[in-house]
Amino acid sequence: MHLHRTLAQRIISQITASQWALSRRTLCSQRTLCWAASATLLSCSTSVLADKANDTLVYASDSEPENVSPYHNNLREGVILAHLAWDTLIYRNPETNEYEPRLATEWEWVDDQTLDLALREGVTFHNGEAFNADDVVFTFNYAVSPESRVVTRQNVNWIESAEKLDDFQVRIHLKDPFPAALEYLSGPMPIYPSEYFQEVGIEGFSRQPVGTGPYRITNVRPGDGVSLTRFEEYFTDSPIGQPEIGNIEFKAIADEDSRMAQLMSGQVDWIWRVPADQAESLSSMPQLSVLGGETMRVGYIGLDAATREDSPLNDIRVRQAINHAMNREGLANDLVRGGSQPLYAPCFPTQFGCETQNVIEYEYDPEKARELLAEAGYADGFDISLHAYRERDYAEAMIGDLRAVGINANLRFMTSPALLELQRNGQTDMSFKAWGSFSINDVSAFVSVYFSGGIDDLWQDSQVQEWLQIADTSVDPDVRLDYYQQVLARISEQAYWAPLFSYSTYYAHTADLDFTAYPDELPRFYEASWK
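Residues numbered from 1 in each chain as written. Predicted model: local features only at pLDDT ≥ 70, side-chain atom pairs only at ≥ 80, totals over all residues. Heavy atoms only, no water.

Asker: Help me out: how do you make sense of the overall build of the chain in this one?
Answerer: When helices and strands are tallied, the chain shows 18 helices and 18 strands. Its C-alpha atoms give the chain a radius of gyration of 24 Å, within 12% of the compact-globule value 24 Å for 531 residues. With respect to the three principal axes, the spread of C-alpha positions in the chain is 70 × 65 × 40 Å. Every one of the 531 residues in the chain was classed for burial, and the buried ones make up 58%. Taking as baseline every contact in the chain between residues at least 6 positions apart, the subset at least 24 positions apart corresponds to 71%. Total accessible area computed for the chain in this model is approximately 21000 Å², and 45% of it derives from carbon and sulfur atoms. (Helix = DSSP H or I, 4+ residues; strand = E, 2+ residues; numbered from the N terminus. Rg over C-alpha atoms; globule rule 2.2 N^0.38 Å. Buried < 20%, exposed > 50% of the residue type's maximum accessible area, 1.4 Å probe, protein only. Contact = heavy atoms within 4.5 Å. Areas by Shrake-Rupley, 256 points an atom, 1.4 Å probe, with all protein chains shown as cover.)

Asker: Help me understand the pairing of strand β5 (residues 114-119) in this model?
Answerer: It is a general feature of regular strands that their side chains alternate between the two faces of the sheet. Most of β5 is tucked away: six of the six residues are buried. Burial along β5 is two-sided: the residues Thr 114, Asp 116 and Ala 118 and Leu 115, Leu 117 and Leu 119 are all buried. Sheet topology note: the strand β4 (residues 104-111)/β5 ladder contains six bridges and is antiparallel. Counted as the bridge partner of Glu 108 is Asp 116 from β5. Counting the residues that bridge the hairpin from β4 to β5 gives two residues. (Pairing = 2+ DSSP bridges.)

Asker: Mind showing me how you'd approach the packing of aromatic side chains here?
Answerer: Think of a pair of aromatic rings as described by two things: how far the centres are apart, and how the planes are tilted against each other in angle. In total, this model carries 39 aromatic pairs according to the counting rule given. Centre to centre, the rings of Tyr 196 and Phe 205 are 6.2 Å apart; their planes meet at 55°, and the pair counts as tilted. Accessibility expressed as a relative area gives 13% for Tyr 196, which makes it buried. A residue is classified by how much of its surface remains accessible, and Phe 205, at 0% relative accessible area, is buried. Seen from their ring centres, Tyr 234 and Phe 235 are 4.8 Å apart, and the 50° between their planes marks the pair as tilted. With respect to class, Tyr 234 is no different from Phe 235; both count as buried. These aromatic residues form a ring-pair network of at least three members: Tyr 300, Trp 435, Phe 438, Phe 446, Tyr 450, Phe 451, Trp 459, Tyr 496 and Trp 497. Lying across the ring of Phe 413, Arg 392 places its NZ or CZ 4.3 Å from the centre. (Phe/Tyr/Trp six-rings, centres within 6.5 Å; stacked < 30°, edge-to-face > 60°. Lys NZ or Arg CZ within 6 Å of the ring centre and 35° of its normal.)

Asker: Would you take a moment to explain the confidence of the model for the chain for this structure?
Answerer: Detailed reading of the predicted model is not advised wherever pLDDT is low. Averaged over all residues, the pLDDT of the chain equals 90, while 90% of them reach at least 70. Note that residues 1-50 has pLDDT below 50 and, in this model, 58 contacts with residues that lie over four places away or in other chains. (pLDDT = per-residue confidence, 0-100.)

Asker: Could you clarify how one ought to interpret the sheet that holds strand β9 (residues 225-230) in this entry?
Answerer: Note on sheets: strands pair through backbone hydrogen bonds, and any given pair is parallel or antiparallel. What the 10 strands build is an open sheet, ordered β8-β9-β10-β1-β11-β16-β12-β15-β13-β14; its pairing is mixed. Of all the strands in the sheet, the pair left with one neighbour each is β8 (215-221) and β14 (407-413). Along the sheet, successive strands turn relative to each other by an average axial angle of 25°, direction set aside. Where β9 and strand β10 (residues 247-252) come together, five bridges link them in antiparallel fashion. Following the sheet pairing, Gly 225 is matched in β10 by Lys 251. The strands that helix α5 (residues 76-85) touches are β1 (56-61), β8, β9, β10, β11 (270-272) and β12 (288-303); relative to β1, the one it contacts most, it runs at about 155°. (Axes fitted to C-alpha atoms, helices over the stretch in contact; angles between N-to-C directions.)

Asker: Even after reading the chapter, I still don't get the pattern of salt bridges, so can you show me in this structure?
Answerer: Proximity of charged atoms lets side chains of opposite charge pair with each other. Applying the stated criterion across every chain yields a total of 21 salt bridges. Put simply, Lys 164 and Asp 167 hold a salt bridge, and the shortest N to O gap is 3.1 Å. With a closest N to O distance of 2.6 Å, Arg 297 and Glu 521 form a salt bridge. One end of the pair, Arg 297, is in strand β12; the other, Glu 521, is in the loop between β17 (513-514) and β18 (529-530), and 224 residues separate them in sequence. The buried category is assigned to Arg 297, whose relative accessible area is 5%. One salt-bridge network, held together by shared partners, links Asp 62, Glu 77 and Arg 273. (Salt bridge = Lys/Arg side-chain N within 4 Å of Asp/Glu carboxyl O.)

Asker: For this particular structure, what's the right way to read the sheet that holds β4?
Answerer: Taken in spatial order, the four strands line up as β4-β5-β7-β6 in an open sheet, and their pairing is antiparallel. Every other strand in the sheet has two partners, leaving β4 and β6 (159-166) as the edge strands with one partner each. Each strand axis lies, on average, 20° off the axis of its neighbour in the sheet, ignoring direction. The pairing of β6 with strand β7 (residues 169-174) spans six bridges and is classified as antiparallel. Bridged to Lys 164 within β7 is Val 170. Sheet strands touched by helix α6 (residues 133-143): β5, β6 and β7. Its angle to β6, the strand with the most contacts, is close to 165°.

Asker: Help me out: how do you make sense of the nonpolar core in this one?
Answerer: Among soluble globular proteins, nonpolar side chains are generally buried collectively. One finds Leu 89, Phe 140, Trp 158, Leu 185, Met 398, Phe 451 and Phe 501 to be the most contacted residues of the largest nonpolar core, which totals 144 residues. Residues contacting Phe 140, with those up to four places away along its chain left out, are Tyr 71, Leu 89, Ile 159, Ala 162, Ile 172, Leu 185, Met 189 and Ile 191. Listed in part, the 16 residues of the second largest apolar core include Met 260, Met 264, Met 285 and Ala 508. (Core = buried A, V, L, I, M, F, W, Y, C linked by side-chain atoms within 4.5 Å.)

Asker: For this particular structure, what's the right way to read the environment of Asp 482?
Answerer: Note that Asp 482 resides in helix α18 (residues 477-494). With relative accessibility at 36%, the residue Asp 482 sits in the partly exposed group. For the pair Asp 482 and Ala 388, spaced 94 residues apart in the sequence, the C-alpha separation amounts to 34 Å.

Asker: Where do I start with helix α8 (residues 194-207) in this structure?
Answerer: It helps to recall that an α-helix has 3.6 residues per turn; residues three or four apart then point in one direction. Given a rise of 1.5 Å per residue, 14 residues ought to cover 20 Å, yet the end C-alpha atoms of α8 are separated by just 16 Å, more than 12% below that figure. The sharpest bend along α8 comes to roughly 110°, located at Gly 201. Three or more residues of α8 are buried, namely Ser 194, Tyr 196, Phe 197, Ile 202, Gly 204, Phe 205 and Ser 206. Buried residues belonging to α8 abut α6 and β8. (Expected span 1.5 Å × (residues − 1). Bend = angle between axes of the 7 residues up to and from the residue.)

Asker: Could you clarify how one ought to interpret helix α9 (residues 256-264) in this entry?
Answerer: Within α9, eight of the nine residues are buried, leaving the element largely enclosed by the surrounding structure. Those residues of α9 that fall on the buried side of the exposure criterion are Asp 257, Ser 258, Arg 259, Met 260, Ala 261, Gln 262, Leu 263 and Met 264. Its side-chain oxygen at 3.2 Å from the backbone nitrogen of Asp 257, Asp 255 defines the N-terminal cap of α9. (Polar contact = N/O pair within 3.5 Å; in protein donor to acceptor, adjacent residues only side chain to side chain.)

Asker: Would you explain unusual backbone geometry in this entry?
Answerer: Backbone geometry places Ser 437, a non-glycine residue, at a positive phi of 60°. Considering the arrangement of structural elements, one finds Ser 437 in the loop between β15 (430-435) and α16 (447-451). Accessibility expressed as a relative area gives 1% for Ser 437, which makes it buried. The backbone of Gln 460 sits at a positive phi, close to 50°, despite the residue not being glycine. Judged by relative accessible area, Gln 460 falls into the partly exposed class, the value being 41%.

Spelled out as structure tokens, the structure:
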């Protein structure tokens, strides 16, 4: 039996990802048969975990950020890298939701629009540059400047300016009262090294990024991945503790079969977004561990064609028909699974302000959808494109729902940056996308990104913008809740979007890895360790 195991190991290690994927598609016409065959092959193999011996955690995902600079991408993969290589001023404990000191040791509201922070002394960046107030002031003033080209400006545009009080004291001036400020300072707003960034610029920084985080980025390989090494000088009082694993490798592997094959052959230690049926099969393999559950991420179809007068989507009855055509229950229960639930508003239920009492829950009603289309003059349907950059099988299921009511939707699948550029240039009709709010537990990180008048607000509803301005800036929680409720109701009534479901995320990793998953969909690899 020992000889059989050794032979199987050699065979697996020599199979390339593409060969494995090809053999699966050739030999397995049904997914259940295919994964049963995979399990049978691997059941005679001992664990192939060379990376544990090298103290290197290799994780893979289907997408990669176009720029590893945290302010210059909005992909979840970029968020993960940001939390490994950079620190924020404040830390929100994911278990208690309490704010704790990180790069800032204390903070105090001077008034509704002025926040003072005391900074931690003795912290160094990965290049040896000492951290101080200059870095905080530069980072925030740069981020809010037009030339910064920040991708998700909503994360920073509540700041008017940052001011240095002394070497370890800063003052943040807000444009308006912004009660969610601490939440943002604990999430998507890491601190950059002032001197180094100004020396190399954004292009140089994207190639050789520098932070203060628990890991330093040692190699950026566009199209392939990113290498990180534990930062041995990481400050000892960090609330996240000291990382145990010495090296981390991020690999961008677009093909699902390839990711799965490399996990099972030991070339990759951790993957996520595993389809539910595959997660069930992988969980039977003793060398792997599988876990998962509902996350804050929301899948939706954005109805994008407001700027084109000739688009059918400018008729509210067509938008309502699309909402009625979507089988949300089927998508959540049969495809996403793992705790996914149907959703009808652009927010996640736990976020402050996700007040959905007056949101229309468009029931799955193909007949009603066809009636609305006929009333709008499209009894024979129409042709349209559905753009997407992730979960092709989900997008194809949505296309099936649309075609069932006479809307001949055609899939245009592309990368996330390409889709974002098309959207912002008014060249998309409908887009299947997902938003995880940068793990910010406040609805301003969701609805205000897409409906407050910014570059990603494709409908420019002045009433919604007015209400959001009040909701985002009021220091009275009851006022915020009331106006968010009105905003979400109007977006629903106008059917500007078709929110669909919450995501559940399945993680699969080597059984030798001790890994904890959190609902905010942020893998904290600095907490991981080898068993």
